[in-house]
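# Report on the structure
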Amino acid sequence: MSEYPLAPDMAGQLGWLTMPAGPASLTVLMDGTEDLLAAWWRELDRAALEKLIGVWRTVLDHPEFAGADPEFRAACRDRAAMALCWHASENGDLEEIEVGRRHLELALGETGRLGPDVRYHLGILFYHRAVIRDSEQDAWAAVTRLRGVLIDLPFDEDRLRPRCMDVLSRSLVWLHGHGGEGVDLDEAIDLARAALVDLASASPYRDAVRVMLASALRARYRTSGRLADLAEAIGLLEATSAGRVFLGTRCYGHGLHGMLLRERYMRTGDETDLHRSLESHERAVAEAPEGGRSWLLALNHQANAFQAVYSLRGDVTYLRRALDVLRMVVEATDFTDRSYAERLNNFGNSLSSAYEETGDRAYLDQSIDLYTEALERTDQKDLELSSRHLNLGRSLSARHAARGRRKDYKDAVRHLRIACLTGLDRSPERTLEASFAWGAWASSRRAWKEAVEAYAFGVQVIEILSARQRHRPGKQTWLPTAHAIPARAAYALIQAGRVEEAVLVLESARTVLLAEAVPRRAETAVLDLDAIFGAAGARVLVYLGAAEAGGFALIVDPEAGKVRAVELPAVTSRAVRVRAEVMTNAYRAKNGDSATWLGAVDAVTRWAHDAILDRVVRRLPRGTGHCVLIPAGRLALLPLHAARSPGGRLVLDEMTFGYAPNAQALRTGAGGTRTFTSALVVDDPQPVPAPPLPWSSAERAAAARMSERVTLLAGSDATRTRVLGELPSHGLVHLSCHALGRGDAPLDSALLMAYDEPLTLRNLVELDATAGPRLVVLPACESFQVGADLPEETVSLPTGLLQLGCQGVVASQWAVAPLTAALMIAAFYKRCSNGTHPAAALCGVQREFRGLTNADLAAALKPDRAHVTFGLSPADARPLWRAVRRRDPQAMPFAHATEWAAFAYTGG
């Protein structure tokens, strides 16, 4: 048993040892200190804390103190120092911190037995001094001292060790939040977890550690976006005891719970989380002692929640509540308080919203004054520095728009530029946000040189963000903005006459964003202009993009070694978004309303002709035979190759069209597909919940004729394991199976194998293979579909396969009739077997079939003639021939683009 047993109540709950014996006269003075200690920790009674400090001053100044036992003197100095530390954390009094430090240093000289406790408390003191002074140096001093204590303590010590780990974790989290280099959040989380394990199950201190662990998990969530961290943090706070002994912990825990629930709502849209968030903030305010630091902190968090609800819902009631609360908080906060700058900034945010809501310039002027003062009080190393420059820059730009003051314009540009610069290393998401805001403002004024500078920051920071946040869920906060930046940057460069740079921006940004969504199996450098010309080969590349003010096409002519820009005024980002939504909504309802689906495709393809392809084709080099479209953002959702004029003329009739996600995908051509060394044919895996594919046998036969060596996996043999094992070793892969693309989660895009097993892109990423197949054919319905949760990130199954090393992919963007798919794919393979490039083969089939009647198809499918058009034997062609003969001979099944335009070729 320890020589100093634990104190029975609050001191023991804090992990303190009992006081050594001292002079009776001093012991009498110390009567009641336990009650004062409990009043502070249980009720945050500031008067009790000040009385406690007074008692210890009296004891330390007493004439008999100097002659008391050294262990007694050390314990008294230690407890006096901690009381001063707590008081200083409330009022920001650095002098009290210094007095406490001197007490602890004297205590170290007077004891060896209490040494670990005193050193631990020195670590706490330095942590609080770091918070008050906003000092990384002090935080590192705390870390050093706390690590030293842990090294010296026995591994099985369970009193001081868990508390020391807790404060060390706090210090590391604080350093992470203030830009400390070399801070490992994983270590902070592991320390807090270990502290929980070591603490006795009945210890009230466990609640304090749970809250700390939740705070550390939140910090990691905000860095990595791991939903598991968010869920665990919320669970920890909900698992703490209802009657926590430490009121400060209870109030902070309620506020943190409210913030976490609001963050989860932002990810899931669950209204329950939003309501519970407001309730938690309300509890934090109700329980905190009015007028104290914890009360002001709770009010500040509550006001931020009100502001967030207003931003999400547009309910002005919450904006008014935020304004009222923040005004009270700012007025009640001492200007020397370390939170003053943050609260000024928060108040400025609400006033800025009030200006946008009402147009009252008084709100705008006041917000600018508050942002300015907040910046003056913000340390240059503060992680919020970039955000505060952005806020001020936005408000100044709004005032310039309202009043036209030259000074406001110059100041706005200066602050937006600083916001971009200061966020690059420490707050990259803020740089992205600032780049977008500044670029949009400059573009609206047609200040193209300035817009180019603004968007350049956004392009630069995309790679930083992608490298730092490998866990995809966390990227939803910045991916939509990131995907909009490259097209806007390219548009500004075009307006500034720098068209070649515009191509490079699109290529580099697209390469990074694609690699973020589906990591490449082999890392390759971003292409320069000469390499892009080389990748194009004999084809002409056309980069397409839409910005707020209009769209553009960048025509890359490899033969001339030139880039030509074509402005597309009607192709605004809004116009593209509307057409993509029209297509998506009509497709979802097509089973009950086929006429709307037909009309939507007609409308979109006519618009694509008039707004895009007609203008582009007129500017293509004379004699262009093969054009590769590289559409950015939602443009990739539209069937551009089906563009048709009001008179019915199709651009597809003039040349071959294919698609590519970037020029990188064209580095190795997939031409020369007369034969393949080997082929893998997957035919209608079973059992699956989807209906069988009735004509897949014809597709299988056509694919099998492309190679002398064929591996067939059909029905129950087509398991995920077997397909994955075979796939890398074949030049041609034909997959007749159900599939669904997931643009919102590309690695979950899947092909449905036997026994309902999804073969996902993630499975393919994990394959140990140096290269992918030369050609993959996916006649399955919806294999080219893109998800809607992140509609700007149009990563489809074909794009993902190209990232994994495949050279070319044929896929359907939407569901078509099984007979339609079988006829087109068989004819496609027949053309490929003649040595035709896959893109040209597919376009040739689409041209030919549009004008065919069922009678024409039946004639071509006669068993003795089917090999000419479809490459099928009499036995394979006979079922198709019979099916077509039963249909209206004069009907033209491929006349409408909904049938033939679903298929597209992507790749080299």
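Residues numbered from 1 in each chain as written. Predicted model: local features only at pLDDT ≥ 70, side-chain atom pairs only at ≥ 80, totals over all residues. Heavy atoms only, no water.

### Overview of the overall build of the chain
For the chain, the count of helices and strands is 37 helices and 14 strands. The dimensions of the chain, computed from C-alpha atoms along their principal axes, are 120 × 65 × 50 Å. Looking at the chain as a whole, 60% of its 908 residues are labelled buried. Put simply, 71% of the contacts in the chain that link residues at least 6 apart link residues at least 24 apart. For the chain, the centre of its 104 positive side-chain charges and the centre of its 111 negative side-chain charges are spaced 8 Å apart. (Helix = DSSP H or I, 4+ residues; strand = E, 2+ residues; numbered from the N terminus. Buried < 20%, exposed > 50% of the residue type's maximum accessible area, 1.4 Å probe, protein only. Contact = heavy atoms within 4.5 Å. Lys, Arg positive; Asp, Glu negative; His and termini not counted. Charge placed at Lys NZ, Arg CZ, Asp CG, Glu CD.)

### Observations regarding the nonpolar core
Counting 127 residues, the largest nonpolar core has L37, V59, C76, W86 and Y120 as its most contacted members. The next biggest cluster of nonpolar side chains, apart from the first, holds 93 residues, and it includes A580, L650, F657 and F676. (Core = buried A, V, L, I, M, F, W, Y, C linked by side-chain atoms within 4.5 Å.)

### With respect to the confidence of the model for the chain
Mean pLDDT for the chain: 89, with 93% of residues reaching 70 or above. For residues 470-475, every residue scores under 50 in pLDDT, and the model assigns this stretch 23 contacts once sequence neighbours within four places are set aside. Counted against residues more than four places away or in other chains, residues 784-793, with its pLDDT under 50, gives 39 contacts. (pLDDT = per-residue confidence, 0-100.)

### Comments concerning the pairing of strand β12 (residues 775-778)
Of the two faces of β12, the one lined by L775 and V777 and the one lined by V776 and L778 are each fully buried. Pairing of strand β8 (residues 732-736) with β12, which is carried by 3 bridges, proceeds in the parallel orientation. Across the sheet, residue H734 finds its bridge partner in β12, namely V777. The pairing of β12 with strand β13 (residues 808-812) spans 3 bridges and is classified as parallel. By the bridge assignment, V777 is partnered in β13 with V810. (Pairing = 2+ DSSP bridges.)

### A word on the pairing of β13
Across the 5 residues of β13, 5 count as buried, placing the element largely inside the fold. Where burial is concerned, the two faces of β13 agree: the one with G808, V810 and S812 and the one with V809 and A811 are both buried. Strand direction decides the pairing type here: β13 and strand β14 (residues 903-907), joined by 5 bridges, are antiparallel. By the bridge assignment, G808 is partnered in β14 with G907.

### Points about the pattern of salt bridges
Applying the stated criterion across every chain yields a total of 47 salt bridges. Across the pair R313 and E271 runs a salt bridge, and its minimum N-O distance is 2.2 Å. Taken together, the residues span a long stretch of sequence, with R313 in helix α15 (residues 293-313) and E271 in helix α14 (residues 271-287) at a distance of 42 residues. Residue classification places R313 among the partly exposed residues on the basis of a relative accessible area of 38%. (Salt bridge = Lys/Arg side-chain N within 4 Å of Asp/Glu carboxyl O.)

### Brief notes about the sheet that holds strand β11 (residues 757-760)
Taken in spatial order, the 3 strands line up as β9-β10-β11 in an open sheet, and their pairing is antiparallel. Whereas interior strands pair on both sides, the edge strands pair on one side only; in this sheet they are β9 (739-740) and β11. Two strands pair when backbone bridges link them, and strand β10 (residues 750-753) and β11 are joined in this way by 4 bridges, in the antiparallel orientation. Bridge assignment links L751 to a residue of β11, and that residue is L759.

### Section: the packing of aromatic side chains
One pass over the full model with this rule turns up 13 aromatic pairs. Aromatic pair F306 and Y318: ring centres 6.1 Å apart, planes at 45°, arrangement tilted. Note that F306 is positioned in helix α15 and Y318 in helix α16 (residues 316-332), a separation of 12 residues in sequence. Across the pair, Y318 and F306 agree in class, each one buried. Residues Y409 and W441 carry aromatic rings whose centres are separated by 5.9 Å and whose planes lie at 55° to one another, so their mutual orientation is tilted. Of the two residues, Y409 is situated in helix α20 (residues 406-426) and W441 in helix α21 (residues 428-444); the sequence distance between them amounts to 32 residues. The pair Y409 / W441 is uniform in exposure class, with both members buried. Three or more aromatic residues joined by ring pairs make a cluster, and in this case those are W16, W41, W86, Y205 and F246. The ring of Y205 has R163 sitting right over it, with the charged end atom 4.8 Å from the ring centre. We note R445 situated over the ring of W441; from NZ or CZ to the ring centre the distance is 3.9 Å. (Phe/Tyr/Trp six-rings, centres within 6.5 Å; stacked < 30°, edge-to-face > 60°. Lys NZ or Arg CZ within 6 Å of the ring centre and 35° of its normal.)

### Overview of a positive patch on the surface
Positive charge collects at one region of the surface, where R878, R882, R886 and R887 lie side by side. If you trace the backbone, R886 turns up in the loop between α36 (874-885) and α37 (897-900). (Patch = residues over 30% accessible without salt bridge, like charges linked within 9 Å, V, L, I, M, F, W, Y side chains within 5 Å. Areas by Shrake-Rupley, 256 points an atom, 1.4 Å probe, with all protein chains shown as cover.)

### Here we look at helix α6 (residues 94-110)
In this model α6 runs 25 Å from its N-terminal to its C-terminal C-alpha over 17 residues, within 8% of the 24 Å that 1.5 Å per residue would give. Burial in α6 covers these residues: E96, I97, E98, G100, H103, L104, A107 and E110. The elements touched by buried residues of α6 are α4 (46-61), α5 (70-91) and α7 (115-133). Its side-chain oxygen at 2.9 Å from the backbone nitrogen of E95, D93 defines the N-terminal cap of α6. (Expected span 1.5 Å × (residues − 1). Polar contact = N/O pair within 3.5 Å; in protein donor to acceptor, adjacent residues only side chain to side chain.)

### Digging into helix α26 (residues 573-588)
The end-to-end C-alpha separation of α26 is 23 Å, in line with the 22 Å expected for 16 residues at 1.5 Å each. Among all positions in α26, only A575, V576, A580, M583, A586 and Y587 are buried. The arc that holds every buried residue of α26, seen down its axis, measures 140°, which confines them to one face. Structural note: α26 exposes R574 and R588 on the side pointing more than 90 degrees away from its buried face. For α26, the secondary structure elements touched by its buried residues are β1 (540-546) and α27 (594-619). (Arc of directions from axis to C-beta.)

### A look at unusual backbone geometry
Residue P687 is reached from Q686 by a cis peptide bond, and omega for that bond is 0°. For P687, the location among the structural elements is in the loop between β6 (679-683) and α28 (696-704). The phi dihedral of D134 is positive, around 55°, even though this residue is not glycine. Tracing the backbone shows D134 in the loop between α7 and α8 (136-152). A positive phi angle is found at Y755, which is not glycine, with a value near 65°. Checked against the element boundaries, Y755 lands in the loop between β10 and β11.

### Here we look at the state of the cysteines
Applying the stated rule across the entire model yields 0 disulfides. With no disulfide of its own, C76 has C85 as its nearest cysteine by sulfur position, at a separation of 18 Å. The exposure class of C76 is buried, given its relative accessible area of 0%. Residue C843 stays outside any disulfide, its sulfur separated by 10 Å from that of C627, the closest cysteine. (Disulfide = S-S within 2.5 Å.)

### Quick notes on the packing of α8 against helix α9 (residues 160-177)
Running from N to C, α8 and α9 cross one another at 155°; their axes reach a closest spacing of 9 Å. As far as their axial angle goes, α9 and α8 are roughly antiparallel. The two elements α8 and α9 cross, and the hand of that crossing is left-handed. Mapping the contact onto sequence places E136, A139, W140, A142, V143, L146, R147, V149 and L150 in α8 and L160, R161, C164, M165, V167, L168, S171, L172, W174 and L175 in α9. For the contact of α8 with α9, a count of residues per class yields 15 nonpolar, 1 polar and 3 charged. (Axes fitted to C-alpha atoms, helices over the stretch in contact; angles between N-to-C directions. Parallel < 35°, antiparallel > 145°, perpendicular 65-115°, else oblique. Left-handed = near helix turned anticlockwise from the far one by under 90°. Nonpolar A, V, L, I, M, F, W, Y, C, P; charged D, E, K, R; others polar.)

### A closer look at the side chain of H121
Of note, H121 is situated in helix α7. Aside from chain neighbours lying at most four places away, what touches H121 is W16, D78, M82 and L104.

### A closer look at the packing of helix α17 (residues 340-358) against helix α18 (residues 361-376)
Viewed as axis vectors pointing N to C, α17 and α18 meet at an angle of 160°, and their least axial separation amounts to 8 Å. By the angle class used here, α17 and α18 are roughly antiparallel. Here α17 runs over α18; the crossing is left-handed. Along the contact surface, α17 presents Y340, A341, L344, N345, F347, G348, N349, L351, S352, A354, Y355 and T358, while α18 presents R361, Y363, L364, Q366, S367, L370, Y371, E373 and A374. Looking at the contact of α17 with α18 residue by residue, the class counts come to 12 nonpolar, 7 polar and 2 charged.

### Focus: the environment of R159
Assignment of secondary structure puts R159 in the loop between α8 and α9. In this structure, the C-alpha to C-alpha distance between R159 and L506, residues 347 residues apart in sequence, is 59 Å.

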